[in-house]
Amino acid sequence: MVARPRTDDEVLALFSSARRIRERYKGNQITFSKKIFVPLTTLCRDRCRYCTFRRDPGQPGAHTMTPEEVLELAERGARLGCKEALFSLGDRPEGAFPEMRETLARLGHRSTISYLASLCAEVLRHVGLLPHSNPGVMTRRELEALAEVNPSMGLMLENISPRLAEPGMPHEGCPDKAPAARMKTLEEAGRLRVPFTTGLLIGIGETLAERVDSLIAIRELNRRFGHIQEVIIQNFRRKPNIPMRGHPEPGVDDVARTVAVARLILHSVNIQAPPNLADGSLGILAASGLNDWGGISPLTRDHINPERPWPALASLEKETAAAGLRLRERLCVYPEFVLRGDWLKPGLSGYVRRLADADGCARKEGWESAQERVAK
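These numbers come from a predicted model, not from an experiment.

A.B. asks: For the overall build of the protein chain, give the residues involved together with the corresponding values.
C.D. replies: From N to C terminus, the protein chain includes 13 helices and nine strands. Taken over the C-alpha atoms alone, the protein chain extends approximately 60 × 60 × 40 Å along its principal axes. With 376 residues in all, the protein chain has 56% of them scored as buried. Of the roughly 16,100 Å² of accessible surface on the protein chain, 52% is carried by carbon and sulfur atoms. Charged side chains in the protein chain number 54 positive and 47 negative. The centres of these two groups are separated by 2 Å.

Set out below in structure tokens:
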């Protein structure tokens, strides 16, 4: 059945309901995280038809960062006030490329995730940035290892429908994009009590019903474990060098309606839409019920959408204020998980609380930290 177009009055009622729910659970603020983007390796065994990040060995842009490169980037970010190191990388490239296996062997590792865990530990201990890793599908053992050095982690569900992996669809030939495999990782993260980010990639050929089904699947998982800290509504953007370069993009109105539906389904879960993908139409997104702008970097570009620069913080703060909301910096792990100490691994608690204020957001110069308030 084809969904009929919604009237303006229906859309306004949808937004109004979403805002009321946001105000109930999130008040009048929209958060962001000041981060560096660490593209650990661009090699990937999947071949998503919308991706410009992945490379094969030998292609221009194919690169695996060395420990020295990662630490130098982290130190530069720390000097600029960043508090998060967002690690993004291809899915299990060692499973497809002997070149990656050779690189890992030289570095003393057998898997990309083992290498990632070691670098997260280095960044945490020697620089103090909080790692947040997005390495794709993970086993329970891999999640356990990364959870010791990541206060939070992420894996985009993208969509719950296996139809998107059929011939000619965007996930054809992508073993790590199987919805069952991704849901299994999300479930294991819940069992391990890891604060987790997930989300939808919209506009890649899914139906509206499949979007709703995906949000409901996330909601039911969160009802079981309570670990979904954030759901991102990310819109597909065309690029000239991808197989889907002729595919239509979802407009900002479509993104905003999806954000509003996500708020109605997920209630207290933090909802994000990336501001650099919104073509400057931030007001409609702020009006649709989101409460987070995601990671903003003063140093590194968005390596997934490199043609889309981050907005200046002053501009983001002005547009947020114009929507009647207050911009506030958070950490990679959300305040509600910071304030409930049982969500932080013992080895991570001190690192997180030194950067957190009394509300669990990012500490500013001269503010009382959550750790200091508890000690009084």
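A.B. asks: Residue-level account of the nonpolar core, with values.
C.D. replies: By size, the foremost hydrophobic cluster in this structure holds 78 residues, and its most contacted members are Leu 40, Phe 87, Phe 196, Val 231, Ile 233, Leu 266 and Trp 293. The element contributing the most residues to this core is helix H4 (residues 112-126), with eight residues. In contact with Leu 40, not counting residues within four places along its chain, are His 63, Thr 64, Met 65, Val 70, Phe 87, Ser 88, Leu 89, Tyr 115, Leu 116 and Leu 119. Membership of the second largest hydrophobic core comes to 14 residues, among which are Leu 124, Leu 331, Leu 344 and Val 352.

A.B. asks: Can you break down the pattern of salt bridges residue by residue, with the values?
C.D. replies: A full pass over the atoms with the stated rule returns 28 salt bridges. Here Glu 210 ties to Arg 163 by a salt bridge, and the two come within 2.8 Å at their closest N and O atoms. A residue pair is termed long-range when its members are at least 10 positions apart, and Glu 210 in helix H7 (residues 208-225) and Arg 163 in the loop between strand E4 (152-154) and helix H6 (179-191) qualify at 47 residues. For Glu 210, a relative accessible area of 11% gives the class buried. Exposure remark for Arg 163: the relative accessible area of 26% places this residue in the partly exposed category. Linking Glu 307 and Lys 239 is a salt bridge whose minimum nitrogen-to-oxygen distance equals 3.9 Å. On the criterion of sequence distance, the pair formed by Glu 307 in the loop between strand E8 (292-296) and helix H10 (313-322) and Lys 239 in the loop between strand E6 (228-235) and helix H8 (252-266) is long-range, its members being 68 residues apart.

A.B. asks: Outline H6, supporting the account with residue identities and numerical values.
C.D. replies: An α-helix turns once every 3.6 residues. As a result, residues three or four positions apart point the same way. Over its 13 residues, H6 extends 18 Å from the first C-alpha to the last, a length consistent with the 18 Å expected when each residue adds 1.5 Å. Taken as a whole, H6 has its buried residues at Pro 179, Arg 182, Met 183, Thr 185, Leu 186, Glu 187, Glu 188, Ala 189 and Gly 190. Looking at the buried residues of H6, the elements they touch are helix H5 (140-147), strand E5 (196-202) and H7. At the C-terminal side of H6, Arg 193 shows a positive phi close to 60 degrees.

A.B. asks: So, H4: which residues are in play, and what are the values?
C.D. replies: The end-to-end C-alpha distance of H4, which contains 15 residues, comes to 21 Å, matching closely the 21 Å that a straight helix rising 1.5 Å per residue would cover. Within H4 the residues assigned to the buried category are Thr 112, Ile 113, Tyr 115, Leu 116, Ala 117, Leu 119, Cys 120, Ala 121, Val 123 and Leu 124.

A.B. asks: For the packing of helix H2 (residues 67-79) against H4, give the residues involved together with the corresponding values.
C.D. replies: Two numbers describe a pair of packed helices, the interaxial angle and the distance between the axes. Contact geometry of H2 with H4 gives a least axis separation of 10 Å together with a crossing angle of 35 degrees. Our pair here, H2 against H4, has a crossing hand that is right-handed. Along the contact surface, H2 presents Pro 67, Val 70, Leu 71 and Ala 74, while H4 presents Tyr 115, Leu 119, Glu 122 and Val 123. Per-class residue counts for the contact of H2 with H4 are seven nonpolar, no polar and one charged.

A.B. asks: Go over unusual backbone geometry, please, and point to the residues and values.
C.D. replies: Residues apart from glycine generally show negative phi values, whereas peptide bonds are mostly found in trans. Its identity as a non-glycine residue notwithstanding, Arg 92 has a phi of 35 degrees, on the positive side. Mapped onto the fold, Arg 92 is located in the loop between strand E2 (84-89) and helix H3 (98-106). Backbone geometry places Arg 193, a non-glycine residue, at a positive phi of 60 degrees. Its place among the elements puts Arg 193 in the loop between H6 and E5. A relative accessible area of 30% means that Arg 193 is categorised as partly exposed.

A.B. asks: Which residues make up the packing of aromatic side chains, and what are the values?
C.D. replies: Geometrically, a pair of aromatic rings is defined through the distance of the ring centres and the angle of the planes. Within this structure, the stated rule accounts for one aromatic pair. The ring of Trp 343 has Arg 193 lying over it, and the distance from NZ or CZ to the ring centre is 4.0 Å. Over the ring of Tyr 351 we find Arg 354; its NZ or CZ atom is 5.2 Å from the centre of that ring.

Rules and cut-offs
- Residues numbered from 1 in each chain as written.
- Predicted model: local features only at pLDDT ≥ 70, side-chain atom pairs only at ≥ 80, totals over all residues.
- Heavy atoms only, no water.
- Helix = DSSP H or I, 4+ residues; strand = E, 2+ residues; numbered from the N terminus.
- Buried < 20%, exposed > 50% of the residue type's maximum accessible area, 1.4 Å probe, protein only.
- Areas by Shrake-Rupley, 256 points an atom, 1.4 Å probe, with all protein chains shown as cover.
- Lys, Arg positive; Asp, Glu negative; His and termini not counted.
- Charge placed at Lys NZ, Arg CZ, Asp CG, Glu CD.
- Core = buried A, V, L, I, M, F, W, Y, C linked by side-chain atoms within 4.5 Å.
- Contact = heavy atoms within 4.5 Å.
- Salt bridge = Lys/Arg side-chain N within 4 Å of Asp/Glu carboxyl O.
- Expected span 1.5 Å × (residues − 1).
- Axes fitted to C-alpha atoms, helices over the stretch in contact; angles between N-to-C directions.
- Left-handed = near helix turned anticlockwise from the far one by under 90°.
- Nonpolar A, V, L, I, M, F, W, Y, C, P; charged D, E, K, R; others polar.
- Phe/Tyr/Trp six-rings, centres within 6.5 Å; stacked < 30°, edge-to-face > 60°.
- Lys NZ or Arg CZ within 6 Å of the ring centre and 35° of its normal.

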